[in-house]
Amino acid sequence: MSETVPLYMARDGLGPAAEAVALRESGEVAPTRITLGSGEAWLVTRYEDVRAVLGDSERFSNAATMLAGGSEAAGGLSAEELERMRKGQLLAFDPPEHTQLRRFLTPEFTMRRIRALEPRIGEIVDEHLDLVERLGPGADLVPNFALPIPSLVICELLGVPYADRAGFQERTSRQTDTSLPAEERSRLSREGLVYMRGLVERAQADPGEDILGMLVRDHADDLDADALTNIAGLLLTAGHETTANMLAMTTIALVTHPDQLVWLREHLDEPVALNGAIEELLRFLSVAHSGIPRTATTDVEIGGTTIRAGEKVLFALSPANRDPRFLDEPDTLDLTRKPGAHVAFGYGPHHCLGAPLARAELRVALPALLRRFPDLALGGPFEEIPFRPHHVVYGVESLPVTW
């Protein structure tokens, strides 16, 4: 494990690093460095403990973390800037404030709305499969397929002009790179907020049919420009980074597990089988390392260690989703496995709001990719894949493929 990568982000190929697994098996918690923000936190790795932390906002608070300046872009920001960044920010509040904010957005992520969006997702997928096919064997799946599909979908949902897509992709990718200095990430965060504020101002002047337009029309009395800016920024970043990396990582997982790939090809037309396979891939890969640290509001014991009130707690999703106390043979990719309650999208009040959208994009893109390229394979040795260990969302820099 690289010394510059904290334990909660440590990976080995498609799975958690040995050090994280050893900590999970010990049942203990351990101090880990926080890369986005400052200081240290107690790291929780067992499935049961992770769910306990994520499900208990009274003892493990998001709001207390953000009020203490623990936001991802806290470095170098003034108290006034932090307060403005906190408005409308789903990750900055606990229930009941968080519940109210989430209620504003929930209608846009219902299964009915997502199902209605699937034909458009299919069009975007086909356009980029055409591009990959034109480029020919050796084409890089990351910039030509995995990254643009969720980016274009969330851009349409938020009313982001197509011409601005490349700029926000580059900015958010660098903003989530924890190897960059905090000052650089803060600058990128400010630039992102300026851009999102422009979108909000246009939506306030002429609300369209996108999410921002809906929020302006239906919740203008509850959400000011700062709140709308922060909501849009979170959705834009979260809405493409995770799914983009999941698409690339799923491709790697399948082509390196040929028996599972064969099974999936045989069941692409069976919704129950496909949905179950997607859940298993989400669990197995767990591309989101963690989330923002929670702050203990009272003394609490986990793994034999007393965590004092005011201390921070982090959770490692990859080792938790591979906890043998959670399911049998957790390090085996088994697409026939009955889907369990994995924590790839988190758990509790802050369970990922966009999970239905991410599942829909995978449900459309994955079968289309496998049908278009029946002999899909890696374009080089697995050992040469350039993974991204320093990013908030685990993934790869590039992924050349052949067929």
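Sequence order sets the numbering: in each chain, residues are counted from 1 along the sequence as written. Local features in this predicted model are restricted to residues of pLDDT 70 or higher, and side-chain atom pairs are both shown and tallied only at a pLDDT of 80 or more, whereas totals for entire chains, interfaces and linings draw on every residue. For side-chain calculations, the full set of non-hydrogen atoms in the structure is used, while hydrogens and water are omitted.

Per an unreviewed UniProt entry, the protein chain is named Cytochrome P450, and its organism is Pseudonocardia kunmingensis.

Some details on the overall build of the protein chain
Keep this limit in mind: By the criteria applied, helices consist of DSSP H or I runs no shorter than four residues and strands consist of E runs no shorter than two, each listed in order from the N terminus. Between the two quantities, the radius of gyration covers C-alpha atoms and the globule rule is 2.2 Å times the number of residues to the power 0.38. Three exposure classes are used, based on accessible area relative to the maximum for each residue type with a 1.4 Å probe and protein chains only: buried under 20%, partly exposed in between, and exposed over 50%. Whether two residues are in contact is decided by their heavy atoms, any of which lying within 4.5 Å being enough. Here the open area of atoms and residues is found with the Shrake-Rupley method and a 1.4 Å probe, where only the protein chains shown may cover a residue. In this tally, Asp and Glu contribute negative charge and Lys and Arg positive charge; neither His nor the terminal groups of the chain are included. Here the site of a charge means atom NZ of a Lys, CZ of an Arg, CG of an Asp or CD of a Glu.
What the protein chain contains, in helices and strands, is 16 helices and eleven strands. The globule rule puts the C-alpha radius of gyration for 403 residues at 22 Å, and the 20 Å found for the protein chain is close to it. Taking all 403 residues of the protein chain together, 57% fall into the buried category. Long-range contacts, defined as pairs at least 24 residues apart, comprise 72% of the intrachain contacts of the protein chain with a sequence gap of at least 6. Of the roughly 16700 Å² of accessible surface on the protein chain, 52% is carried by carbon and sulfur atoms. If you average the places of the 39 positive and of the 60 negative side-chain charges in the protein chain, the two averages end up 2 Å apart.

Some points on the confidence of the model for the protein chain
Note the following rule: Within a predicted model, pLDDT stands for the predictor's per-residue confidence, ranging from 0 to 100.
Chain-level statistics for the protein chain give a pLDDT mean of 89 and a share of 94% at 70 or above. For residues 70–74, every residue scores under 50 in pLDDT, and the model assigns this stretch 15 contacts once sequence neighbours within four places are set aside.

Observations regarding unusual backbone geometry
Omega for the peptide link from Pro95 to Pro96 comes to 5°, which places this bond in the cis form. Mapped onto the elements of the fold, Pro96 is located in the loop between helix H4 (79–86) and helix H5 (97–105). The backbone of Ser286 shows a phi angle near 45°, a positive value even though the residue is not glycine. Note on placement: Ser286 falls in the loop between helix H14 (271–285) and strand E6 (294–296). If you check the backbone angles, Glu329 has positive phi at about 45° while not being a glycine.

A few points about helix H12 (residues 225–255)
Formally: Each helix should span, by expectation, one fewer than its residue count multiplied by 1.5 Å. We call two N or O atoms a polar contact when they sit within 3.5 Å, provided that within protein one can donate a hydrogen and the other can accept it, with sequence-adjacent residues counted only if both atoms are side-chain atoms.
Over its 31 residues, H12 runs 46 Å from end to end, which matches the ideal 45 Å to within 8%, given 1.5 Å per residue. By the criterion of burial, H12 is predominantly enclosed, with 27 of the 31 residues buried. In this structure Asp224 caps H12, since a side-chain oxygen of it lies 3.2 Å from the backbone nitrogen of Asp226.

Some remarks on the packing of helix H10 (residues 182–205) against helix H11 (residues 211–219)
This is how it is decided: Lines fitted to C-alpha atoms define the axes here, with helix axes fitted over just the stretch in contact, and angles between the N-to-C directions of these axes take values from 0 to 180 degrees. We call two directions roughly parallel when the angle between them is under 35 degrees, roughly antiparallel when it is over 145, roughly perpendicular when it lies between 65 and 115, and oblique otherwise. A clockwise turn of the near helix away from the far one marks a right-handed crossing, whereas an anticlockwise turn of less than a right angle marks a left-handed crossing.
H11 packs onto H10 with a crossing angle of 55° between their chain directions and a minimal axis gap of 9 Å. Comparing their axes, H11 and H10 come out oblique. Crossing of H10 over H11 shows right-handed handedness. Contacts between H10 and H11 involve Leu199, Val200, Ala203 and Gln204 from the former and Leu212, Gly213 and Val216 from the latter.

A look at the packing of H12 against H14
It is at 10 Å that the axes of H12 and H14 come closest, and there the two elements cross at 95°. In terms of their interaxial angle, H12 and H14 are classed as roughly perpendicular. Residues Met246, Met249, Thr250, Ala253 and Leu254 of H12 touch H14, and the partners they reach there are Leu281, Leu282 and Leu285.

Regarding the packing of aromatic side chains
The test is simple: Pairing of aromatic rings covers Phe, Tyr and Trp, the last counted by its six-membered ring, and requires centre-to-centre distances within 6.5 Å; plane angles under 30 degrees mean stacked, over 60 mean edge-to-face, and any other angle means tilted. Any Lys NZ or Arg CZ that is within 6 Å of a ring centre and within 35 degrees of that ring's normal is treated as a charge sitting over the ring.
Evaluated as defined, the whole model comprises four aromatic pairs. With a centroid separation of 5.5 Å and an interplanar angle of 10°, the aromatic rings of Phe387 and Tyr394 are classed as stacked. Under the relative-accessibility criterion, Phe387 is labelled buried at 18%. A cation sits over an aromatic face here: Arg51 above Tyr347, 4.0 Å from the ring centre. In this structure, Arg86 is placed above the aromatic ring of Phe93, and the distance from its NZ or CZ to the ring centre is 4.3 Å.

Things to note about the sheet that holds E6
How we decide: Note on pairing: two strands pair once DSSP finds at least 2 bridges between them.
Spatially, the five strands line up as an open sheet ordered E3-E4-E9-E6-E5, and their pairing is mixed. The open sheet terminates on both sides in strands that have one partner only, identified here as strand E3 (30–33) and strand E5 (60–61).

Side note on the pattern of salt bridges
Cut-off, in case you're wondering: One speaks of a salt bridge when a side-chain nitrogen belonging to Lys or Arg is within 4 Å of a carboxyl oxygen belonging to Asp or Glu.
Summed over all chains, the structure comprises 22 salt bridges. Asp299 is the partner of Arg308 in a salt bridge, and the nearest nitrogen-oxygen pair spans 3.1 Å. Residue Asp299 is classed as partly exposed on the basis of its relative accessible area of 43%. The network of salt bridges with common partners includes Arg24, Glu25, Asp323 and Arg325.

Considering helix H2 (residues 47–54)
Threshold: This arc is built from the directions going out from the helix axis to the C-beta atoms.
The set of residues buried in H2 consists of Tyr47, Val50, Val53 and Leu54. Along the axis of H2, the buried positions cluster into a sector of 130°, meaning they face one direction only. Its buried side turned inward, H2 meets strand E4 (40–44), E5, E6, strand E7 (300–302), strand E9 (312–315) and helix H15 (317–321).

Here we look at the side chain of Arg388
In this structure, Arg388 sits in the loop between strand E10 (377–378) and strand E11 (401–402). There is a polar contact of 3.4 Å between the side chain of Arg388 and the side chain of Glu241.

Re the pairing of E3
Burial along E3 is one-sided: the residues Ala30 and Thr32 are buried and none of Pro31 and Arg33 is. As paired strands, E3 and E4 are joined by four bridges and run antiparallel to one another. Bridge pairing in E4 links Thr32 to Ala41.

Describing the environment of Ser151
Mapped onto the secondary structure, Ser151 falls in helix H8 (residues 148–158). Sequence spacing of Ser151 and Gly340 is 189 residues, and the spatial spacing of their C-alpha atoms is 28 Å.

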